[in-house]
Amino acid sequence: MKTRICGTGSALPKREVTNDDLSRIMDTSDEWIKSRTGIGSRHLAVEETLVSLAANAAKGALEEANVLPKDLDMILAATLSADNVLPTLSCELQRELGASNAVAFDINAACSGFLFALQTADVYIRSGQYKKILVVGGEILSKLMDWNDRSTCVLFGDGAGAAVVMPDEASGILSSVQGSDGARGGVLSCPGRKNNNPYVTNDAGLSFVSMDGQEVYKFAVRTVPKAIMEAVEKAGLAMEEIDLFILHQANIRIIESVAKRLKVPMEKFPTNLERCGNISAGSVPVLLDDANRKGMLKRGDRVVLAGFGAGLTWGASVLTW
Ligand code: COA
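Rules of the game
- Residues numbered from 1 in each chain as written.
- Predicted model: local features only at pLDDT ≥ 70, side-chain atom pairs only at ≥ 80, totals over all residues.
- Heavy atoms only, no water.
- Pairing = 2+ DSSP bridges.
- Helix = DSSP H or I, 4+ residues; strand = E, 2+ residues; numbered from the N terminus.
- Axes fitted to C-alpha atoms, helices over the stretch in contact; angles between N-to-C directions.
- Contact = heavy atoms within 4.5 Å.
- Expected span 1.5 Å × (residues − 1).
- Buried < 20%, exposed > 50% of the residue type's maximum accessible area, 1.4 Å probe, protein only.
- Polar contact = N/O pair within 3.5 Å; in protein donor to acceptor, adjacent residues only side chain to side chain.
- Lys, Arg positive; Asp, Glu negative; His and termini not counted.
- Salt bridge = Lys/Arg side-chain N within 4 Å of Asp/Glu carboxyl O.
- Near = heavy atom within 4 Å.
- Areas by Shrake-Rupley, 256 points an atom, 1.4 Å probe, with all protein chains shown as cover.
- Nonpolar A, V, L, I, M, F, W, Y, C, P; charged D, E, K, R; others polar.

A. Main features of the sheet that holds strand β4 (residues 74-78). Strand order in the open sheet formed by five strands is β1-β7-β6-β4-β5, and the pairing between neighbours is mixed. Looking at strand neighbours, the two that pair on one side only are β1 (2-11) and β5 (103-107), the edges of this open sheet. With direction set aside, neighbouring strand axes in the sheet form an average angle of 20 degrees. Here β4 pairs with β5 via five bridges, running parallel. Paired with M74 across the strands is V103, a residue of β5. Sheet strands in contact with helix α4 (residues 89-97) are β4, β5 and β6 (133-139), and its direction is about 140 degrees off that of β5. The sheet strands contacting helix α10 (residues 283-293) are β1, β6 and β7 (159-168), and the helix crosses β1 at an angle near 95 degrees.

Here it is as structure tokens:
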């Protein structure tokens, strides 16, 4: 028994902000951003909530999979930027969709979130406990950015992607690898709320994402190829047998470096970072939906999904479409 992705969906906020738009409000340029990252624009949530984006993405995935919300057994939402601390995004999504029979909880593994949620769904499906699972990855990261820190805020965007997974005899997830290295977590962080009770003094200022870009870059180019090689080997396949690589969209130079280390041509690495930036947990499912809607995925194709990011965390899965 395998876990097959039977439908995908995605949603981006209406407001698209180009590098030139940013250069009008901060000291940056299209040339600087594009040459170092490949990012040309990103979508930023002005009126949208994360649950509204996640619900739109979910509706697309449910429709393609031909599954009604009330038939879902489980909703897993990967995010680090839910609209509220409580209730969770997954429970709000359950309410929004009317998926009254699902159990719902969130997973936070930052930019690896969708991979970790998909791999969790895979374990539930293979155990036989659940049959119809909605896996969502989405972020409104723009609210966690320091818009005075040009080295970080220009890289990220908002959006959500979704997949419906079900058991299948023939196609589906063949192998997965996951990893975490909390000891190096300080290179990409965002502090949460501080202790707040009558026994502490708390100056409760707002906290934002901060990043040591070069350290994160080095981590990504060393770890991601290794994780993909391990997952492909575990699946009993050769790298040349993989048709498509859907990687977390952090930086085009990271993707080029991974492709080079794997000795795979860049044509097998679709991207959407030029117009989406880095959507953290939303990145992989939004790109997967792009590829699916463009007809780039045919039944039987072999696909690698890979995510990496804060934690540090990383994950890769190999599947047949
Ligand atoms: N516009 C213009 N100049 C900028 C800028 C911006 N948006 N951001 C930073 N700069 C400046 C810096 O102030 C620095 O100036 P200085 O040399 O006068 O001090 C200069 O550009 C070079 O900065 P540097 O940090 O050396 O650039 P870099 O080549 O390392 O590129 C990143 C920075 C962030 C693009 C790169 O490190 C990166 O992509 N890292 C990976 C990040 C990532 O993917 N994170 C998410 C993982 S999930």
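Moving on from the coordinates now.
B. Expanded view of helix α5 (residues 113-127). For α5, which comprises 15 residues, the first-to-last C-alpha distance of 21 Å matches the rise-based estimate of 21 Å (1.5 Å per residue) to within 8%. Taken residue by residue, α5 has G113, F114, L115, F116, A117, L118, Q119, A121, D122 and I125 as its buried positions. One or two residues past the end of α5 sits G128, with phi positive at roughly 90 degrees.

C. Main features of the side chain of D290. The topology assignment puts D290 in helix α10. One polar contact links D290 to N272, side chain to side chain, over a distance of 2.9 Å. Apart from the residues within four sequence positions on either side, D290 is in contact with N272 and R275.

D. Quick look at the side chain of E48. Within the secondary structure, E48 sits in the loop between β3 (41-44) and α3 (50-65). Nearest to the buried, unbridged E48 among oppositely charged side chains is K14, at 4.8 Å. A distance of 2.8 Å separates a polar atom in the side chain of E48 from the backbone nitrogen of K14. Within polar-contact distance, the side chain of E48 engages the backbone nitrogen of V46 at 3.3 Å. Apart from the residues lying within four places of it in its own chain, the contact partners of E48 are P13, K14, L53 and I140.

E. Up close: the site of the ligand. Within the structure, the ligand sits among 22 residues, and T28, R150, G213, Q214 and N251 are positioned closest to it. One of the side-chain N or O atoms of R36 is found 3.4 Å from an oxygen atom in the ligand. Take N251: an N or O atom from its side chain is 2.6 Å from an oxygen atom of the ligand. For the ligand, the accessible surface in isolation is 980 Å², of which the surrounding protein chains cover 72%. Every element with two or more residues in the shell around the ligand is listed here: α2 (30-37), α6 (150-153), α7 (213-234) and β12 (302-309). Element by element, the count of residues in the shell around the ligand is highest for α7, at four residues. Split into classes, the residues belonging to the shell around the ligand amount to 10 nonpolar, nine polar and three charged.

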